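# Coordinate analysis (summary)
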Amino acid sequence: MGTFNSIEEAREFFKNDKFAMGTGIYLDELNDEYCQCSLKIEDNHRNAVGGVMGGVMFTLADFAFAALSNQIHSPTVAQQVSINYLSAPKGEKLIAKAICKKNGRSSSIINVDVVDDTGRDVVQYVGTGFKL
């Protein structure tokens, strides 16, 4: 196994990620090739027109990227990321699923797909991690 020997150890480490934890993100699953995080949509996640704020969805995807990239090699920091907002969430929960597409000597490429609990595609995120 990678950096963390258990999901509990990873959760304990990421308690220090105060912004993501304050948003309500939960680390559901983590191994060397996959990470799943989730977030129950609350009123404080909504923008002025009632939709889920883009920054909330970005934070969820970025946290899934951080958890998986740091499971592969710690520390890893984001070097470049891109995000496509595909559609507005309709459900009550967001689920981010991260997979490693490339694990190189000095960098990793992680794809994160975010869906809502109705199965609707919400976000497509690609992150390049730089291994320190």
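All of these numbers come straight from a predicted model, not from anything done at the bench.

This brings us to the overall build of the protein. Along the backbone of the protein there are three helices and six strands. In sequence order, the secondary structure elements of the protein are arranged as α-α-β-β-α-β-β-β-β. Referenced to the eigenvectors of the C-alpha coordinate spread, the extents of the protein come out at roughly 45 × 25 × 20 Å. Looking at the protein residue by residue over its 132 residues, the buried ones come to 41%. For the protein, contacts bridging at least 24 residues in sequence account for 62% of all contacts bridging at least 6. Total accessible area computed for the protein in this model is approximately 7000 Å², and 49% of it derives from carbon and sulfur atoms. Separation of charge centres in the protein, based on 13 positive and 16 negative side chains, amounts to 4 Å.

A few words now on the side chain of Lys131. Turning to its location among the elements, Lys131 is positioned in strand 6 (residues 121-131). It turns out Lys131 is buried and unbridged, and the closest side chain with the opposite charge, Asp32, is 11 Å from it. A polar atom in the side chain of Lys131 sits 2.5 Å from the backbone oxygen of Gly104. Setting aside its immediate chain neighbours within four residues, Lys131 contacts Ile72, His73, Pro75, Thr76, Asn103, Gly104, Arg105, Ser106, Ser107 and Ser108.

What follows deals with the sheet that holds strand 1 (residues 26-30). Taken together, six strands build an open sheet; the order of strands is 1-2-4-5-6-3 and the sheet is antiparallel. Edge positions in the open sheet fall to strand 1 and strand 3 (76-85), since each of these has one partner strand only. Adjacent strand axes in the sheet meet at a mean angle of 20° when their direction is disregarded. The sheet contact formed by strand 2 (residues 34-40) and strand 4 (residues 93-103) spans seven bridges and is antiparallel. Note that in strand 4 the partner of Tyr34 across the bridge is Ile99.

Cut-offs used in this document
- Residues numbered from 1 in each chain as written.
- Predicted model: local features only at pLDDT ≥ 70, side-chain atom pairs only at ≥ 80, totals over all residues.
- Heavy atoms only, no water.
- Helix = DSSP H or I, 4+ residues; strand = E, 2+ residues; numbered from the N terminus.
- Buried < 20%, exposed > 50% of the residue type's maximum accessible area, 1.4 Å probe, protein only.
- Contact = heavy atoms within 4.5 Å.
- Areas by Shrake-Rupley, 256 points an atom, 1.4 Å probe, with all protein chains shown as cover.
- Lys, Arg positive; Asp, Glu negative; His and termini not counted.
- Charge placed at Lys NZ, Arg CZ, Asp CG, Glu CD.
- Salt bridge = Lys/Arg side-chain N within 4 Å of Asp/Glu carboxyl O.
- Polar contact = N/O pair within 3.5 Å; in protein donor to acceptor, adjacent residues only side chain to side chain.
- Pairing = 2+ DSSP bridges.
- Axes fitted to C-alpha atoms, helices over the stretch in contact; angles between N-to-C directions.

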